[in-house]
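# Notes for the structure review
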Amino acid sequence: MTPIDGYPILTTAAMRAAEEACGDPAMLMERAGAAVAAAVGRLAGGSAILILCGPGNNGGDGYVAARLMTAAGHAVRVAADDEPRSALAIDARRRWTGPVEPLGTALPAPILVDALFGTGLTRPLENRTAAALHRLADAASLRIAIDLPSGVATDDGTVPTMPPRFDVTLALAAPKPAHLLQPAARQAGRVRVLDIGVPVTGDAHVLARPVLPDPGPESHKYSRGMVAVVGGDMAGAAELASLAAMRAGAGYVLYLGEGQGPPHGLVRRRWSPDALDDPRIGAVVIGPGLGRGDGTGARLATAIGSGHELVIDGDALRLLDVDAPRTATTILTPHAGEFAHLFGKAWGSKIDATRMAARRADAVIVHKGADTVIAAPDGRVAVSAGSSDWLSAAGTGDVLAGAAGAMLAAGLPPFEAAGAAVWLHRAAAAVCGRSFIADDLAAALSRVR
Ligand SMILES: NC(=O)C1=CN([C@@H]2O[C@H](COP(=O)(O)OP(=O)(O)OC[C@H]3O[C@@H](n4cnc5c(N)ncnc54)[C@H](O)[C@@H]3O)[C@@H](O)[C@H]2O)[C@@H](O)CC1
Ligand SMILES: Nc1ncnc2c1ncn2[C@@H]1O[C@H](COP(=O)(O)OP(=O)(O)O)[C@@H](O)[C@H]1O
Ligand SMILES: [K+]
């Protein structure tokens, strides 16, 4: 049972290809069932277990696990409505010698294991199946899904049938998009990967802990990274971004706009068209609090023309022509509304849509939300899982933009800089607890840096 950070994310087709490359499928199912049995056995302690088995190989895993856990001394019951259809599942069912109860009348157990459907789900669950799953899950004290909660669409995280909220999902071989993308991801609970001996690779990964550049004895304020934040109509938002850049580790932050007061380490200057003519600037952040009034388009054009690496957020995303050529390295940080404005109706999953957008804009895109997807023009993707819902507050996006500016200015390449900023942002939110405000979040960056 391994945490998922850094794991490749596999679609159904990629998972099938990886499995096929592994040889004997019966051996694979036996390994999957054994891994499930070991994990569920550990989670269950001495409590009784009810395994719900479906007609495909997900159900097959359930029958194998039932047999192995029974042999290991656990109290296991099995419930299923449909006879197995795949050769593997038929064989696994045959080797389970205990009774199989109908789902509709099965009595609950403290440990519920859902082996109804995995990557093979092609349509919503039948009402009676969904009802039994919910009834038995509601009555259990620990809910465990095998591979995926039954009812979710593996490749895009939609929910043809809303499953119960699971405590743990045991992903076989690798996480799938539905383990990370909402709304499915929320129903999966804690996701752990079970190694079943299938080598997995891909260009989409779960966001991993970044390697952050730390200062050394030779460091000075400019070498740590100089960030210029272009202000506009709303000083507060640009100041939050500035503060976040400082807290994320920038050595020098220049705030170009109106406003005064702490922090005293923030260098304030009024905006002027030559304000970015400083070769020491490592990154320019534009958008937080920029507004859309007179002169804002000119500020964006100046920033883009400066040749400095860019973080373009908020209002600047409403002014940007994504198809116009840019020379400088760029990170765009749209939320769902800004993404739709820039790229139109999304196609495919959030992973697919963000990857296509990054190619089109020739920029790293941080497509924000409870399931933030980061994509690079070369096709690499990182998905951030498990951030605090309390991030849904005004100003938290400004904090992210400032942190991204600090990471770029510190010298990280744009995809890594974006990932590091999202990681720090999530970690800062985690230490802030509940109902924090964006100012707290910016301050907490120092604690997780
Ligand atoms: N292929 C392999 O070698 C391995 C597969 N494994 C397991 O196999 C799963 C995938 O197996 P399958 O491809 O058989 O898929 P599933 O077990 O998810 O289900 C597919 C079956 O259910 C039917 N079905 C789909 N949606 C339905 C619905 N809403 N109501 C009723 N029936 C429905 C399909 O017609 C098919 O018969 C994985 O999630 C994993 O748990 C593991 O055993 C590892 C090895
Ligand atoms: N429900 C949620 N769970 C986790 N993170 C969220 C959630 N809602 C928003 N976020 C994160 O909070 C930030 C909000 O940014 P944004 O919408 O730009 O707000 P603002 O412009 O007010 O700063 C983004 O980093 C986003 O990923
Ligand atoms: K399942």
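In this text, all values refer to a predicted model and were calculated from it rather than measured experimentally. Counting restarts for each chain: residues are numbered from 1 in the order of the written sequence. The order in which chains are written sets their letters, starting at A; the order in which ligands are written sets their numbers, starting at 1. Reporting of local features is limited, given that this is a predicted model, to residues whose pLDDT is at least 70; pairs of side-chain atoms are given and counted only at 80 or more, and all residues count toward the totals for whole chains, interfaces and linings. Excluded from the side-chain calculations are hydrogens and water; all other atoms, namely the structure's heavy atoms, are used.

## Remarks on the sheet that holds strand β9 (residues 204-206)
Here, strands pair whenever DSSP counts at least two bridges between them. Helix numbering and strand numbering both begin at the N terminus, where a helix is a DSSP run of H or I of at least 4 residues and a strand a DSSP run of E of at least 2. Strand order in the open sheet formed by ten strands is β9-β18-β17-β16-β15-β14-β13-β10-β11-β12, and the pairing between neighbours is mixed. Of all strands in the sheet, those with a lone pairing partner are β9 and β12 (267-269), marking the two edges. If you compare each strand with its neighbour and ignore which way they point, the axes differ by 15 degrees on average. Pairing analysis gives two bridges linking strand β15 (residues 330-332) to strand β16 (residues 364-367), with the strands arranged parallel. Counted as the bridge partner of Ile331 is Val364 from β16. Axis definition: a line fitted to C-alpha atoms, over the contacting stretch in the case of helices. Angles run 0 to 180 degrees between N-to-C directions.

## Let's talk about the UniProt feature "domain: YjeF N-terminal" (unreviewed entry) in the protein chain
UniProt positions are given in the numbering used here, feature names are shortened, and annotations may be inferred rather than shown by experiment. UniProt feature "domain: YjeF N-terminal" (unreviewed entry): in the numbering of this structure it lies at residues 11-204. Between the first and last C-alpha atoms of residues 11-204 the distance is 10 Å; the span itself is 39% helix and 16% strand.

## A short note on the nonpolar core
Side-chain atoms within 4.5 Å are what join buried Ala, Val, Leu, Ile, Met, Phe, Trp, Tyr and Cys residues into a set we call a nonpolar core. Burial classification: accessible surface area is computed with a 1.4 Å probe over protein chains only, and a residue below 20% of its type maximum counts as buried, one above 50% as exposed, and the rest as partly exposed. In this structure, Val227, Ile374, Val399, Met407 and Leu445 are the most contacted members of the largest nonpolar core, which totals 52 residues. Listed by contribution, the elements that provide at least two residues to this core are β10 (226-230), α8 (235-247), β11 (252-256), β13 (283-286), β16, α13 (396-409), α14 (414-432) and α15 (438-448). Top element by residues in this core is α14. It accounts for eleven residues. It only takes one pair of heavy atoms within 4.5 Å for two residues to be counted as in contact. Setting aside its immediate chain neighbours within four residues, Ile374 contacts Leu207, Val364, Ile365, Val366, Arg380, Val381, Ala382, Phe415, Ala418, Gly419 and Val422. Residues Leu180, Val230, Leu254 and Ile351 belong to the second largest nonpolar core, which totals 48 residues.

## Topic: the pairing of β10
Burial analysis of β10 places five of its five residues in the buried class, which makes it a mostly covered element. Burial along β10 is two-sided: the face carrying Met226, Ala228 and Val230 and the face carrying Val227 and Val229 are both buried. Examined bridge by bridge, β10 and β11 share five bridges and lie parallel to one another. The residue bridging Ala228 from the neighbouring strand is Leu254, located in β11.

## Things to note about the site of ligand 1
The nearness test applies per residue and asks whether one of its heavy atoms lies within 4 Å of the molecule or strand. If you check the shell around ligand 1, you find 23 residues, and the closest are Asn58, Asp61, Gly118, Arg123 and Asp147. Pairs of N or O atoms within 3.5 Å make up the polar contacts considered here, provided that, within protein, one atom can donate a hydrogen while the other can accept it, and that residues adjacent in sequence are counted only when both atoms are side-chain atoms. Here Asp147 contributes a side-chain N or O atom positioned 2.6 Å from an oxygen atom of ligand 1. Accessible areas in this description were obtained via Shrake-Rupley with a 1.4 Å probe; residue shielding takes into account the shown protein chains only. Protein chains bury 86% of the 870 Å² of accessible surface belonging to ligand 1 in isolation. Within the residue set of the shell around ligand 1, elements represented by two or more residues are α1 (12-20), α2 (25-44) and α3 (57-71). For this scheme, ten residues count as nonpolar: Ala, Val, Leu, Ile, Met, Phe, Trp, Tyr, Cys and Pro. Four count as charged, namely Asp, Glu, Lys and Arg, and the remainder, Gly too, count as polar. Partitioned by chemical class, the residues of the shell around ligand 1 number ten nonpolar, seven polar and six charged.

## Some points on the site of ligand 2
Near ligand 2 lie 17 residues; those nearest to it are Lys368, Gly369, Ser388, Gly395 and Gly397. Between ligand 2 and the protein, one listed contact pairs a nitrogen atom with a side-chain N or O atom of Ser387 at 3.5 Å. The greatest single-element share of the shell around ligand 2, amounting to four residues, is contributed by α13. When the residues that make up the shell around ligand 2 are grouped by side-chain class, the tally is four nonpolar, ten polar and three charged.

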